[in-house]
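A closer look at the structure
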Amino acid sequence: MLHESTLRVLRDSPWNLFQIPFWLSNGKAKLKQNLSQLVDFDPKLLPYNIELLKWLKQEKAKGRQLILCTASDQSIALIIAEYLGIFDDVMASDGVINLEGKHKAQALKERFGENKFDYVGNSNADLKVWNYANNAIVVNAKNSLIKKVQVICNITQIFPPKTKSINVWRRVLRVHQWLKNLLLFVPMLAAHQLLDIHSWQVLAFAFFSFSLCASSVYIANDLLDLDSDRQHPRKRNRPFAAGLVPAWMGVVLAPILFILSLGLGFLVNTSFLFWLVFYFILTCTYSWWLKRLIIIDCLTLALLYTLRIVAGAAAAGNILSFWLLAFSIFIFLSLAFVKRYAELELQLLSGKEKVHGRGYYTSDAPLIQNLGITSGYSSVVVLAFYLNSDAVINLYRTPEFIWGAVPIMLFWVSRMWMQAHRGKMNDDPLVFAVKDKASLLAGVALCVVLGIGTVGWPW
């Protein structure tokens, strides 16, 4: 709760973080008390250990007395105890004494006597408490801690931690979202530089640089969005929101990934590095503020997509055309509206009138749908004008075949919105498109059309 309280302050009133050193100088208990006064939280949204709670309720039914003895501030502990409704009393930090380690051990020994209580714990700090306990119940602990407990106390129950599999870390990094960074290759492909080995090598570094940067931001966004994610039907299963990975690990991992990203970006060139840093700043601004502003949030998402294309051009030394930028803005704005529309429809089915952490009401869904479809078709209009320009005649051997891209794009935009309308847009739109067979076939058809336009009709 200390970590989550700090993250809430970082999100809602970051200027208060400058006071943390002064609060900490008066003791950790005072720090916890001051932080608890700045945040509100809903106890029913916290990721409880269900198996442990089930066991505690069984012990309660046997007539045992249960005390919530925690190092969290008492204001937080009382709210959680009241919600769970199984505790007879609460012992917690009070702004003066940080009820952890030796202080907790002393408090329990004075209240119950040595070897007169059983203690449920999960950390090395609890070893001092188990030293005076009759029995130990160990929760979410590594084998090394369990061995230490066995030396000083009788263990009667062990609740093992959930295994952090590769799949969990893949979800933490959101590796599937790295597909978006393939947009870095678009300027090179549009310039017909498929045989330029140097461009492929440079863009490979750029791809992983952007991917690590994106993962860093995704982690930061997940940490700042814990409350909203826990109220979302699907996002509540994200590793941080579900408690599969502790928040402090994310706080450590995010800056490491960003530093690695900067290192790879430096190997590309300074121009790419500039756009990478700009992308990072804009994404952080989106996470802290812009995502709460209606319409602005979708415009920002469209710009973040487009920045990948801009960064790809900077990495490979390509010159971006007005047509590509205009097309990108409109098509990505449509996809941003698809994402928001799908979220609104999901919240509407949950019976909610307003999306938590966003500025939208579920009643806005029809308008968002209209704006998104208009943006999508506008991108096709831009594409049609481009296909009638001198650039196409000069760049393609058989430009008349390129016109096939127009009906293909019309089909794809229409299908994406049809799927969203039917409630099937469960992923990010680009990730959904990679999984959708019709979208993949449309992509293949587009490649065939562009290929024939480039090399000419083989017969």
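Residues numbered from 1 in each chain as written. Predicted model: local features only at pLDDT ≥ 70, side-chain atom pairs only at ≥ 80, totals over all residues. Heavy atoms only, no water.

1. Some points on the overall build of the chain
So the rule is basically this: For helices the rule is a DSSP run of H or I covering at least 4 residues; for strands it is a run of E covering at least 2, with both sets numbered from the N terminus onward. Relative accessibility under 20% of the residue-type maximum defines a buried residue, over 50% an exposed one, and the middle range a partly exposed one, all with a 1.4 Å probe and only protein chains included. Contacts are residue-level and defined by heavy atoms, with any inter-residue pair within 4.5 Å sufficient. Residue-level accessible areas treat just the shown protein chains as cover; the underlying method is Shrake-Rupley with a 1.4 Å probe.
Along the backbone of the chain there are 21 helices and five strands. With respect to the principal axes defined by its C-alpha atoms, the chain has extents near 90 × 50 × 40 Å. Looking at the chain as a whole, 48% of its 459 residues qualify as buried. Taking all contacts inside the chain whose residues are at least 6 apart in sequence as the whole, residues at least 24 apart take part in 61%. Carbon and sulfur atoms form 63% of the exposed surface of the chain, whose accessible area is close to 23,100 Å².

2. What about the pattern of salt bridges?
Which entries qualify depends on this criterion: Whenever a carboxyl oxygen of Asp or Glu lies within 4 Å of a side-chain nitrogen of Lys or Arg, that contact is scored as a salt bridge.
Taken as a whole and judged by the stated rule, the model has 20 salt bridges. A salt bridge links D227 to R11; the nearest nitrogen and oxygen atoms lie 3.6 Å apart. Linking D227 in helix α12 (residues 226-230) with R11 in helix α1 (residues 2-12), this pair joins segments that are 216 residues apart in sequence. Of the charged contacts in the structure, one is a salt bridge between D42 and K44, with a shortest N-O distance of 2.5 Å. Given a relative accessible area of 29%, D42 falls into the partly exposed group. Via salt bridges that share partners, E4, R8, R11, D12, D227 and R230 belong to a single interconnected network.

3. Brief notes about the pairing of strand β5 (residues 154-159)
Condition: Only strands joined by at least two bridges in the DSSP assignment are considered to pair.
Pairing of strand β4 (residues 135-139) with β5, which is carried by five bridges, proceeds in the parallel orientation. Residue pairing for β5: A136 is matched across the bridge by I155.

4. Focus: the nonpolar core
To keep it simple, the criterion reads: Grouping buried Ala, Val, Leu, Ile, Met, Phe, Trp, Tyr and Cys residues that are joined through side-chain atoms within 4.5 Å yields what is termed a nonpolar core.
One finds L184, F272, F332 and W412 to be the most contacted residues of the largest nonpolar core, which totals 82 residues. Per-element accounting of this core gives the leading share, 13 residues, to helix α16 (residues 322-349). Judged by nonpolar contacts, the second largest core, of 20 residues, contains C69, L108, W130 and A133.

5. Notes on a nonpolar patch on the surface
Counted only if it meets this: Two distance rules govern patches: like charges are joined within 9 Å, and nonpolar side chains (Val, Leu, Ile, Met, Phe, Trp, Tyr) within 5 Å, applied only to residues with over 30% relative accessible area and no salt bridge.
Nonpolar side chains collect at one region of the surface, where I294, I295, I296, L299, L367 and L371 lie side by side and expose about 470 Å² of accessible area between them. Listed by contribution, the elements that provide at least two residues to the nonpolar patch are α15 (296-316) and α17 (365-387). Within the secondary structure, L367 sits in helix α17. Taking the relative accessible area as the measure of exposure, L367 reaches 51% and is therefore exposed.

6. Quick word on the confidence of the model for the chain
This is how it is decided: What pLDDT conveys is the predictor's confidence in a given residue, as a value from 0 to 100.
Per-residue pLDDT for the chain has a mean of 89; in total, 97% of the residues score no lower than 70. Averaged over each element, pLDDT in the chain is lowest for helix α18 (residues 390-395) (70) and highest for strand β3 (residues 118-121) (96).

7. Some points on the packing of aromatic side chains
Rules: Aromatic rings from Phe, Tyr and Trp, taking only the six-membered ring of Trp, are treated as a pair when their centres fall within 6.5 Å; an angle between ring planes under 30 degrees marks them as stacked, one over 60 as edge-to-face, and anything in between as tilted.
For the structure shown, the criterion picks out 16 aromatic pairs. With a centroid separation of 6.5 Å and an interplanar angle of 45°, the aromatic rings of F185 and F207 are classed as tilted. Highlighted residues: F185 in the loop between α9 (166-173) and α10 (186-190) and F207 in helix α11 (residues 197-224), separated in sequence by 22 residues. Here F185 and F207 have matching classes, each one buried. Centroid distance Y341 to W417: 5.7 Å. Interplanar angle 55°. Geometry classified as tilted. Taken as a pair, Y341 in helix α16 and W417 in helix α19 (residues 405-421) lie far apart in primary sequence, 76 residues in all. Exposure remark for Y341: the relative accessible area of 2% places this residue in the buried category. Grouping aromatic residues by their ring pairs yields a cluster made of F185, W200, F207 and F208.

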